[in-house]
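Architecture at a glance
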Amino acid sequence: MSGQMDPERAARFAERMADRVVSAVDGTPEQKQRIQGIAQAAMTDLMPLREQARAARRDGIALLSAATIDRGAIEALRAKQMGLADGASRRLAQARADTAEVLTPEQRTKLAERLQKRAGRWS
């Protein structure tokens, strides 16, 4: 996602993502509601990480444009950015697992087949 992300926009994004998943597997209204809740919780948790990553990018620009290059500070920033990426990846994996638990085994298979077809377009 690009651009500014406010809670309202995040909620709309989460709702669209849940709609896509549920419609792809012919899910029930109850599944849609549960998956929307999972997606919205993930978006809420990820928003602070997103802002921290944006701040880290600004810090990186400042470090690289400084009169003196501080390799230690650049390495510390890199480590911080990797930590942010790891935290975001961990939270997304949790949301995927939570979503998978809402779906039946047949629905998970159907979703996996759809994702595999989509992945084929970029490989």
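**Things to note about the nonpolar core**
Membership of the largest hydrophobic core is limited to eleven residues, which are Ala18, Val21, Val22, Val25, Ile35, Ile38, Ala42, Ala95, Val102, Leu103 and Leu111. Mapped onto this core, the elements with two or more residues apiece are helix H1 (7–24), helix H2 (29–65) and helix H3 (71–102). Contacts of Val21, omitting those with residues within four sequence positions, involve Ile35, Thr99, Leu103 and Leu111. Core analysis: the next-biggest nonpolar cluster, separate from the first, contains five residues, Ala10, Ala14, Met43 and Met47 among them.

**Notes on the pattern of salt bridges**
Scanning the entire structure with this criterion turns up six salt bridges. Salt-bridge contacts for Arg12 lead to Glu8; the nearest nitrogen and oxygen are separated by 3.0 Å. Placement of both Arg12 and Glu8 in helix H1 is noted, with a separation of four residues, approximately one turn of the helix. Classification of Glu8 as exposed rests on a relative accessible area of 57%.

**Considering the packing of H1 against H2**
With their axes 8 Å apart at the nearest point, H1 and H2 run at an angle of 140 degrees to one another. When the axis of H1 is compared with that of H2, the two are oblique. Where H1 crosses over H2, the two elements pack in a sense that is right-handed. Taken together, the residues of H2 that come into contact with H1 (itself represented by Pro7, Ala10, Ala11, Phe13, Ala14, Glu15, Ala18, Asp19, Val21 and Val22) are Gln31, Lys32, Ile35, Gln36, Ala39, Gln40, Met43 and Met47.

**Remarks on H1**
For H1, with 18 residues, the first-to-last C-alpha span of 26 Å sits near the 26 Å given by 1.5 Å per residue. Of all the positions in H1, only Ala10, Ala14, Ala18, Val21, Val22 and Ala24 are classed as buried. Taken around the axis of H1, the buried residues stretch over an arc of 165 degrees, which confines them to a single face. Away from the buried face of H1 by more than 90 degrees, exposed residues Glu8 and Ser23 are located. As for H1, its buried residues are in contact with H2, H3 and helix H4 (105–120).

Cut-offs and rules
Residues numbered from 1 in each chain as written. Predicted model: local features only at pLDDT ≥ 70, side-chain atom pairs only at ≥ 80, totals over all residues. Heavy atoms only, no water. Core = buried A, V, L, I, M, F, W, Y, C linked by side-chain atoms within 4.5 Å. Buried < 20%, exposed > 50% of the residue type's maximum accessible area, 1.4 Å probe, protein only. Helix = DSSP H or I, 4+ residues; strand = E, 2+ residues; numbered from the N terminus. Contact = heavy atoms within 4.5 Å. Salt bridge = Lys/Arg side-chain N within 4 Å of Asp/Glu carboxyl O. Axes fitted to C-alpha atoms, helices over the stretch in contact; angles between N-to-C directions. Parallel < 35°, antiparallel > 145°, perpendicular 65-115°, else oblique. Left-handed = near helix turned anticlockwise from the far one by under 90°. Expected span 1.5 Å × (residues − 1). Arc of directions from axis to C-beta.

That is the geometry; function is a separate question.
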